[in-house]
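Overview (structure and organization)
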Amino acid sequence: MKNIAVIGAGTMGNGIAHTFAQKGFQVNLIDISEKALEKGIGTITTNLDRMVAKGTITDSDKQQTLNNITSFTDMKQGVSGVELVVEAATENIDLKLNIFRQLNDFCSENVILATNTSSISITQIAAVVNAPQRVIGMHFMNPVPIMKLVEIIRGYNTSDEVTKAIMDLSLALGKTPTEVNDYPGFVANRILMPMINESIETLYNGVAGVEEIDTVMKLGMAHPMGPLQLADFIGLDVCLSILNVMYDGFKNPKYAPCPLLVNMVMAGKLGVKSGEGFYDYSESKKAEKVSKQFLS
C-alpha cells in the first residue's frame, strides 16, 4: 500500500495524513470544506517547521512530505486509485455510516476501509459495506505524529488478512499496533473516559478544584497531564460522545456522563478548541500570562 486517502482534515485527520506522508506514502486528504483543508495543511506545515527547527528533519524532508499530500473536496475523486482509506471525521455515528455508504459505492472491494473512531462499533460501521471483512478500526492517538500507539480494532467480520496488513502498515509508520476486540470504548477509552468522568464528578461534588485535582493525578500518579486538562485537550464534546457510546452500549450507570460535563458541552465550553473548558485558553488569558511573566 502506497496510496492512502484520509477523510477529515481536522486534528486527527491532518495528523494521520502528516504521518503517512512523512513515511513516503502518497496521501489524498479529503474534506468537504476547502477552508478545513487549508487549515489542516497549515497545521501540518507548522508541525513540520517545528521539526526542522529541532533538527529532527531537514527542510528537504519537509518539502517532500508536503509534496506527498494532495487535497480534495470531492470524495469520489479523492478515493480513486487508493489501496486504503482512513476515515477520521467527527465522532458521530450517522456521519460515519454515511461516509462508509459512499465508500462502499466509490471503492472496489479490495480497498481496505479503516476508521479512526475512538469508541463507535466497527461491526456497526461495517454493516453498511458489501464486504465487511475489509473494515477495521485504526485508532491513532493525539498528537498522531508523536504518539506511538495505534489501537487496531477487529470488527466481528474483519478478516485475518486485513488485520495483518494494518498491523504491518502501522509498524511501517513507526507505530506500535495493539490488537483489541470490538466493544464500546475498546481499551484506551474504556479505561480513560471513566477516569476523566470521575475527575469531573469530583469537581462537581466540590471535593477539590480543577488545579488541585490535576496536581494530585500528576504528582501522585505520575500522569504527564491531569485528567481535566487532558479532557480539555481531547475536547469535552468528544469525551461526552464517547461516554454516551459506552453508556448506551453497556447500559451500566458507571459510564453515565457527569451533569457538569453535559452542561459545559451545551454551553459551548469544549476545551482548547473553543478557548475555554476547565481551563481558559483565550487570547486575553495568554496575554495576561505573558504580562505576568514580563513584570516578574
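No experiment lies behind these values; they were computed from the predicted model shown. (Residues numbered from 1 in each chain as written. Predicted model: local features only at pLDDT ≥ 70, side-chain atom pairs only at ≥ 80, totals over all residues. Heavy atoms only, no water.)

Examining the UniProt feature "domain: 3-hydroxyacyl-CoA dehydrogenase C-terminal" (unreviewed entry) in the protein chain
In this numbering, the UniProt entry assigns the feature "domain: 3-hydroxyacyl-CoA dehydrogenase C-terminal" (unreviewed entry) to residues 185-281. Span residues 185-281 is 62% helix and 0% strand, its end C-alpha atoms 28 Å apart. (UniProt positions renumbered as here; feature names shortened; annotations may be inferred. Helix = DSSP H or I, 4+ residues; strand = E, 2+ residues; numbered from the N terminus.)

Things to note about the nonpolar core
Membership of the largest hydrophobic core comes to 34 residues, with the highest contact counts inside it found for Phe20, Leu84, Met138, Phe140 and Ile166. For this core, the leading source of residues is helix H1 (residues 11-22), giving 5 residues. Setting aside its immediate chain neighbours within four residues, isoleucine 166 contacts Met1, Leu84, Ile112, Ile136, Met138 and Ile152. Formed by 24 residues, the second largest nonpolar core is a distinct cluster that contains Met75, Phe100, Val111 and Val129. (Core = buried A, V, L, I, M, F, W, Y, C linked by side-chain atoms within 4.5 Å. Buried < 20%, exposed > 50% of the residue type's maximum accessible area, 1.4 Å probe, protein only. Contact = heavy atoms within 4.5 Å.)

Digging into the pattern of salt bridges
Opposite charge on two side chains lets them pair, provided their charged atoms get close. Enumeration over the complete set of coordinates arrives at 8 salt bridges. A salt bridge links glutamate 179 to arginine 154; the nearest nitrogen and oxygen atoms lie 3.7 Å apart. Here the residue glutamate 179 occupies a position in strand E8 (residues 176-181), and arginine 154 occupies one in strand E7 (residues 149-154), the gap between them amounting to 25 residues. According to the relative accessible area criterion, glutamate 179 is partly exposed, its value standing at 41%. Several salt bridges share partner residues, and in doing so they unite Glu87, Glu91 and Lys96 into one network. (Salt bridge = Lys/Arg side-chain N within 4 Å of Asp/Glu carboxyl O.)

Details of the domain arrangement of the protein chain
In terms of domain boundaries, the protein chain breaks down into domain 1 (3-181) and domain 2 (189-291). The straight-line distance from the C-alpha centre of domain 1 to that of domain 2 is 26 Å. Every contact between the two is made by 7 residues of domain 1 and, on the other side, 5 residues of domain 2. Summed over both sides, the interface between domain 1 and domain 2 buries roughly 490 Å², with carbon and sulfur atoms accounting for 55% of that surface. The three residues of domain 1 that bury the most area against domain 2 are Glu91, Ser118 and Ser119, which together make up 63% of that side's buried surface. (Domains from an automatic or database assignment. Buried area = accessible area lost by both parts, 1.4 Å probe.)

Structural notes on the sheet that holds E8
Strands sit in the order E3-E2-E1-E4-E5-E6-E7-E8 across an open sheet of 8 strands; the sheet is mixed. At either end of the open sheet lies a strand with only one pairing partner, and these are strand E3 (69-72) and E8. Adjacent strand axes in the sheet meet at a mean angle of 25°, parallel and antiparallel pairs treated alike. Of the pairings in the sheet, the one linking strand E2 (residues 26-30) to E3 comprises 4 bridges and is parallel in character. (Pairing = 2+ DSSP bridges. Axes fitted to C-alpha atoms, helices over the stretch in contact; angles between N-to-C directions.)

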